[in-house]
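These are the residues of each chain, in order.
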Amino acid sequence: PLAARDAITVGLVGEAAFRHDRGCRMSVYRVTDLIGTSTQSWEDAASAAVKTASQTIRDLRVAEVVAQDIQIAEDGGVTFRTKLRVSFKYETGD
């Protein structure tokens, strides 16, 4: 098990920054929500969200599915929507 000085996580859920401290090294992570859509499946919707986000956000760490729903059009067509909570590491000037 890790000693209390080895790992500390602090932060809030949603649009938050998390700090992770191991010994003398410290990392900061941003947590934000994304919604991906697809006419094929929830998995495709999640994949589309991660793929699009990775074009402008480097070092994505984790994507957690927090909600799934289906948007129903007047003509009966459906769009799968997947809401993800993703985290990525802030870059430092070091």
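Small disclaimer: the values here were computed from a predicted structure and weren't measured.

Digging into the pattern of salt bridges
Working definition: two side chains of opposite charge can pair if their charged atoms are close together. Under the definition given, this model contains four salt bridges. As a salt-bridge pair, R85 and D33 come within 3.1 Å of each other at their nearest N and O atoms. Of this pair, R85 sits in strand 5 (residues 78-89) while D33 sits in strand 3 (residues 25-38), placing them 52 residues apart in sequence. Across the pair R81 and D69 runs a salt bridge whose closest N-O atoms are separated by 2.7 Å. Here R81 is found in strand 5, whereas its partner D69 is found in strand 4 (residues 60-72), with twelve residues between them in sequence. A relative accessible area of 31% places R81 in the partly exposed class. Overall, the relative accessible area of 32% leaves D69 in the partly exposed class.

Considerations on the pairing of strand 5
Strand direction decides the pairing type here: strand 4 and strand 5, joined by eleven bridges, are antiparallel. Across the sheet, Q71 pairs through a bridge with T79, a residue of strand 5. Between strand 4 and strand 5, which follow one another and run antiparallel, lie five residues, and G76 among them has a positive phi close to 95 degrees.

As for the environment of D33
Look at D33 and you get partly exposed, because its relative accessible area is 28%. Along the backbone, D33 and E64 are 31 residues apart, and their C-alpha atoms lie at a distance of 9.3 Å. When near neighbours in sequence (up to four residues on either side) are disregarded, D33 contacts K83, L84 and R85. Looking at D33, its side chain comes within polar contact range of the side chain of R85, at 3.1 Å.

Overview of the nonpolar core
If you look at the biggest cluster of nonpolar residues, it comprises eight residues: L34, A46, A49, A53, I57, L84, V86 and F88. Those elements giving two or more residues to this core turn out to be helix 1 (42-53) and strand 5. Those residues within four positions of L34 in sequence are excluded, and the remaining contacts are A49, A53, T82, K83, L84 and V86.

Focus on helix 1
Helix length check: helix 1 (twelve residues) gives 17 Å between terminal C-alpha atoms against 16 Å at 1.5 Å per residue, within 8%. Where helix 1 begins, the capping side chain belongs to S41, and its oxygen is found 3.4 Å from the backbone nitrogen of E43.

Conventions used here
- Every chain is numbered on its own, with residues counted from 1 as its sequence reads.
- Given that this is a predicted model, residues contribute local features only at a pLDDT of at least 70 and side-chain atom pairs are listed and counted only at 80 or more, while totals for whole chains, interfaces and linings are drawn from all residues.
- For the side-chain quantities, the full set of heavy atoms in the structure was used; hydrogens and water were omitted.
- The working definition used for a salt bridge is a side-chain nitrogen of Lys or Arg within 4 Å of a carboxyl oxygen of Asp or Glu.
- A run of H or I in DSSP becomes a helix once it reaches four residues, and a run of E becomes a strand once it reaches two; helices and strands are each numbered from the N terminus.
- Relative accessibility thresholds used throughout: buried, under 20% of the residue-type maximum; exposed, over 50%; partly exposed, between the two (1.4 Å probe, protein chains only).
- For two strands to be treated as a pair, DSSP must find at least two bridges joining them.
- Here, two residues are considered to be in contact whenever any of their heavy atoms come within 4.5 Å of each other.
- We call two N or O atoms a polar contact when they sit within 3.5 Å, provided that within protein one can donate a hydrogen and the other can accept it, with sequence-adjacent residues counted only if both atoms are side-chain atoms.
- Residues grouped as a nonpolar core are buried Ala, Val, Leu, Ile, Met, Phe, Trp, Tyr and Cys residues, joined through side-chain atoms within 4.5 Å.
- Here the expected length of a helix is defined as 1.5 Å per residue gap, with one fewer gap than residues.

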